[in-house]
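In case you want the letters, here they are:
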Amino acid sequence: MSTIDTKSPNAVHDAHGHGHHGGSYLDPKGGAFTTVIDWATTVDHKKIGVMYLFAILFMFFVGGMAAIAVRMELWEPTRVVNGVVEGQLFAAADATSITAGNNIYNRVFTLHGAIMVFMVIVPSIPASLGNFFIPLMIGAKDVAFPRLNLLSWYIYLFGSLFGVASLIMLGTDTGWTFYTPYSTTTDAHAQTLLIVAGGFILGFSSILTGLNFIVTIHKLRAPGMGWFDMPLFVWAIYSSSIIQVLATPVIGITLLLLIMERVFRIGIFDPALGGDPVLYQHFFWFYSHPVVYVMILPGMAIINETIPVHSHKKIFGYKAVAFASLGIAAVSFIVWGHHMFTSMSELANVVFSFLTFLVAIPTAVKVFNWIATLYKGSITLNATMTYTLIFLFLFTIGGLTGLPLGTLATDVHLHDSYFVVAHFHYVMMGGTIMALMAGLHHWWPKMFGKMYNDKVAIVAALIVFIGFNVTFFTQFFLGMQGMPRRYASYFDEFTYLHQISTIGSFLLLIGFLIHLVNFAHSLFAGPKAPQNPWGGLTLEWVASSPPNEHNFDHEPIVTHGPYDFERVVPPGWDPKDYPIPAENLKAPRH
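Just so it is clear, the model here is predicted, and its values are computed rather than measured.

Basis of the calculations
Position numbers for residues count from 1 along each chain, tracking the sequence in the order it is written. Totals for whole chains, interfaces and linings use every residue, but because this is a predicted model, local features are given only for residues with pLDDT of at least 70 and side-chain atom pairs only at 80 or more, for both listing and counting. Side-chain measures here rest on the full set of heavy atoms in the structure, leaving out hydrogens and waters. Numbering goes from the N terminus for both helices and strands, where a helix is a DSSP run of H or I of at least four residues and a strand is a run of E of at least two. Only the C-alpha atoms count toward the radius of gyration. The rule for a globule is 2.2 Å times the residue count to the power 0.38. Residue contacts are defined here by distance: any two heavy atoms, one from each residue, within 4.5 Å place the two residues in contact. Per-residue and other accessible areas were derived by the Shrake-Rupley procedure at a 1.4 Å probe size, with only the shown protein chains allowed to occlude residues. We score Asp and Glu as negative and Lys and Arg as positive, and we do not count His or the chain ends. The atom standing in for a charge is NZ when the residue is Lys, CZ when it is Arg, CG when it is Asp and CD when it is Glu. Pairing of aromatic rings covers Phe, Tyr and Trp, the last counted by its six-membered ring, and requires centre-to-centre distances within 6.5 Å; plane angles under 30 degrees mean stacked, over 60 mean edge-to-face, and any other angle means tilted. The classification of residues rests on relative accessible area computed with a 1.4 Å probe and restricted to protein chains. Under 20% of the type maximum is buried, over 50% is exposed, and intermediate values are partly exposed. The axes are straight lines fitted to the C-alpha atoms, using for helices just the contacting stretch, and the angles between their N-to-C directions are given from 0 to 180°. Here roughly perpendicular refers to angles of 65 to 115 degrees, roughly parallel to angles under 35, roughly antiparallel to angles over 145, and oblique to all remaining angles. For a crossing to be left-handed, the near helix must be turned anticlockwise from the far one by less than a right angle; the clockwise case is right-handed. Two axes define the bend at a residue: one fitted to the seven residues ending there, one fitted to the seven starting there, and the bend is the angle between them. Criterion for a salt bridge: a side-chain nitrogen of Lys or Arg within 4 Å of a carboxyl oxygen of Asp or Glu. By nonpolar core is meant a set of buried Ala, Val, Leu, Ile, Met, Phe, Trp, Tyr and Cys residues that side-chain atoms within 4.5 Å join together. Take the number of residues in a helix, subtract one, and multiply by 1.5 Å to get its expected span. Think of the arc as the fan of directions from the helix axis to the C-beta atoms.

Draft legend 1. Molecular detail of the overall build of the protein chain. From N to C terminus, the protein chain includes 17 helices and four strands. The globule rule puts the C-alpha radius of gyration for 590 residues at 25 Å, and the 25 Å found for the protein chain is close to it. When the backbone C-alpha atoms are referred to their principal axes, the protein chain occupies close to 80 × 50 × 50 Å. Considering only intrachain contacts with a sequence separation of at least 6, the fraction spanning at least 24 residues in the protein chain is 79%. Per element, the accessible surface of the protein chain, about 23,100 Å² overall, is 71% carbon and sulfur. Measuring between centres, the 28 positive side-chain charges of the protein chain sit 9 Å from its 32 negative side-chain charges.

Written out as C-alpha cells, the structure is:
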C-alpha cells in the first residue's frame, strides 16, 4: 500500500495537530530502571505485543517440557516385577506404588494441556503479532483502547501466575478440560481451584483483546481503506475476535460455576444434588469448540500474508478468503456436540455430525485459494515459506483426519483414543504453532530491526517438521490399534510406537532450541534489517524497521490493494529492481 504525507515530511501528528519526532519504539528511555518502568506502564501496542510474545514463548517452553516428561513416562509400560514397580518415570519414593506414580503423570499431563491451550495457543497470535501489527496494517497509531490493552496484558499475566502457582503446588490431576464430576471431587483441592481460577481470569484478557481489535478495525482504518482493502490478516483476526467476545463469557461462567460447585456444593453438576455432569460438557464445548477457531483462524491469518508475499503473487480469491473467515466463525458456534457423541441421542448425533462436515467448506475454500496462489508464483523458499508449506501439509492432515472423528460409525472406535490426540495436535500445533513460526520469521525483521540466519532457520524448521511427524503420525496408528489416550501405561504391544513417538518429541525440542539460539543471535549480533526485506505491500512495510513510537512518519493514505504485486513497486524498493509492465499499471485495484 502506498502512503501520502498530507501534513509534514518529518513529523507524525496527533489529533490535536502536535508533531512527534519519535525514534524506534525499542529505544531505551534513560537508565535500566526507567526503561523497565516505561515498558511496565506503556500503552504502545507494539511493546505490549512484544511482552505478550515473550511471555507466551516462556509458557510454551514450560508446557513443552511437561510434554517431554509425559513422553518419557510413556517410553515403556509400567510393570511390577517381584513387588517392585519398573518402567515408571514418576515413581513413588518406595518404588512399590503404581497409583502414586500415575497420579503424578495425570498432574503433568493436565498442566501440559492447560498451559498449552489457555496460556499459549489461544493468545499466541492475536495477543502478540495481532497486537503488534493490526494497527500498523490499517494505518493507525495504536489500538482503539490503549489502556484497556495494557489491562488485558496484566490480566493475562495474573491468570498465568495462577497456573504457575498450581505447578509449584504439584498441579492438579483433572485433565485440561476439568470434566465433572472428577474436578469437583479430586483430592487436589487447592491446585484445582487455582488452575480453574486462572482459566477464569484469562478469559477476561481474551474478551478485552477481542473487543479492542473489533473497535480498532471498525474505526481506525487509514483514509482510503475500505473493508475490501484490508489485508486478509486483519479479516481473520477480526473473525476470531468476534468468537472471543461472544464465546469466552460462556467458559467464564462455566468455570465460575465449577468453583462454586467445588467450594459450596451448590449442585449444578452433581447428580446427587440434582445436577447434571453432562451439562458441564455442553457448557465447556460450547466455548471450547469455537475457541478452536480462535486458535486456528489467526494461524490462517498469517498464511494469508506469507503466501502472496513470498510467492510475489496476488492472493487468489480475496473476497472468498475474507468471507471464509467469517463463515468459519459463524459455523463454529453450532458444532460443539461432536465432542459428546457418546452422551447424546441418535438424532442429536446425526445433526452434529452433519454440522461438523459443514465447517470443512469454508476451511477448504481457504486451502484451495492458497494453493491456487502458489501456482505459477515466483516462490522464495526461505524460512517463512518453509513454515508456510509445513503448515499446509500438517493442517491438511489434521483436517482430513477429523473426518473419521466426525463420522458416527468410525468415531465409535476412535473416540478417546490416541487418534484424537494426533488429530488435535496436527490442527493445533501443526496449524497454529507452525503458522506462528512462519509469522515470526516473516515479521521478525520488522519487529526488532534485525535479520536472522535464514539457512539455520530452514534447517531448524525441517528438524521440527520431521520431529513433529515422528511424534504424532505414529499416534494415528496407536489410536487405530486401540490405545486409549490419557493412560499412564499400556500393553506391551504398543511399546515400539510409543518409543518412536518419544524420540520425535526430542527432535521437536532440538528444532525449537535451534530457533531460540538463532533468534537470540539475531537480536544481539544480527545484521540490520531493511525496511521491506520481502517486498510486501501492506502498510506495516511502509514503517521503518523497527517502527517508531507512532508507527508512521506521515499519515498513510491507501491507493492500491494489499496484494497488487503485478502493478505496484513495494515500499523501500528501487523501481529498477522491480520492473512492472506498462499494461499492468492500468489494471484496476483487486
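Draft legend 2. Representation of the packing of aromatic side chains in the model. Throughout the structure, instances matching the rule amount to 43 aromatic pairs. Judged by centre distance (4.9 Å) and plane angle (50°), the ring pair of Phe468 and Phe472 falls under tilted. Linking Phe468 with Phe472, this pair stays in helix α16 (residues 454–480), spanning four residues, or about one helical turn. Assigned by exposure class, Phe468 and Phe472 land together as buried.

Draft legend 3. Spatial organisation of the packing of helix α2 (residues 45–73) against helix α3 (residues 98–138). Contact geometry of α2 with α3 gives a least axis separation of 7 Å together with a crossing angle of 155°. Considering the angle they form, α2 stands roughly antiparallel to α3. In this structure, the crossing between α2 and α3 has a hand that is left-handed.

Draft legend 4. Focus on the environment of Leu478. By the secondary structure assignment, Leu478 is in helix α16. Expressed as a C-alpha distance, the spacing of Leu478 and Met169, which sit 309 residues apart in the sequence, is 33 Å. In this structure, Leu478 is in contact with Tyr418, Met483, Phe494, Leu497 and His498, ignoring residues within four places of it in sequence.

Draft legend 5. Representation of the environment of Ile379. Residue position: Ile379 is located in the loop between α11 (360–374) and α12 (383–400). According to the relative accessible area criterion, Ile379 is partly exposed, its value standing at 43%. With 259 residues separating them along the chain, Ile379 and Val120 place their C-alpha atoms 31 Å apart. Beyond its immediate chain neighbours, meaning those up to four positions away, Ile379 contacts His310, Ser311, Leu374 and Met385.

Draft legend 6. Region of interest: helix α15 (residues 418–448). The largest bend in α15 amounts to roughly 45° and is located at His442, with the proline Pro445 lying one to four residues further along. In terms of burial, α15 is largely enclosed, as 30 of its 31 residues are buried. Immediately beyond the C-terminal end of α15, within one or two residues, lies Gly449, with a positive phi of roughly 70°.

Draft legend 7. Main features of the side chain of Thr186. Relative to the assigned elements, Thr186 resides in the loop between α5 (182–185) and α6 (189–219). Sequence-distant contacts of Thr186, that is, excluding residues within four places in its chain, are made with Asp173, Thr174, Thr192 and Arg262.

Draft legend 8. A look at the pattern of salt bridges. What the rule picks out here adds up to 10 salt bridges. Two residues, Lys46 and Asp44, come together in a salt bridge whose shortest N-O distance is 3.0 Å. Sharing partners across several salt bridges, the network here consists of Lys314, Asp564, Glu566 and Arg567.

Draft legend 9. Representation of the nonpolar core within the structure. Judged by nonpolar contacts, the single largest core of 154 residues is most densely connected at Phe391 and Met447. By residue number, the principal contributor to this core is α3, which donates 19 residues. Beyond its immediate stretch of four places on either side in the chain, Phe391 contacts Ile296, Met300, Ile303, Trp370, Thr396, Gly430, Gly431, Met434 and Ala435. Counting 16 residues, the second-largest nonpolar core is a separate cluster that includes Leu74, Tyr105, Leu478 and Ala488.

Draft legend 10. Up close: α11. If you check α11, its first and last C-alpha atoms are 21 Å apart, about what 15 residues at 1.5 Å a residue would give, namely 21 Å. Pro362, Thr363, Lys366, Val367, Asn369, Trp370, Thr373 and Leu374 are the residues of α11 that are buried. The buried residues of α11 occupy an angular sector of 160° when the element is viewed end-on, so they sit on one face. Exposed and oriented more than 90 degrees from the buried face of α11 are Ile361 and Phe368. In this fold, the buried residues of α11 make contact with α8 (277–311), α9 (318–331), α10 (346–358) and α12. Positioned one or two residues after α11, Lys376 has a phi angle of 65°, which is positive.

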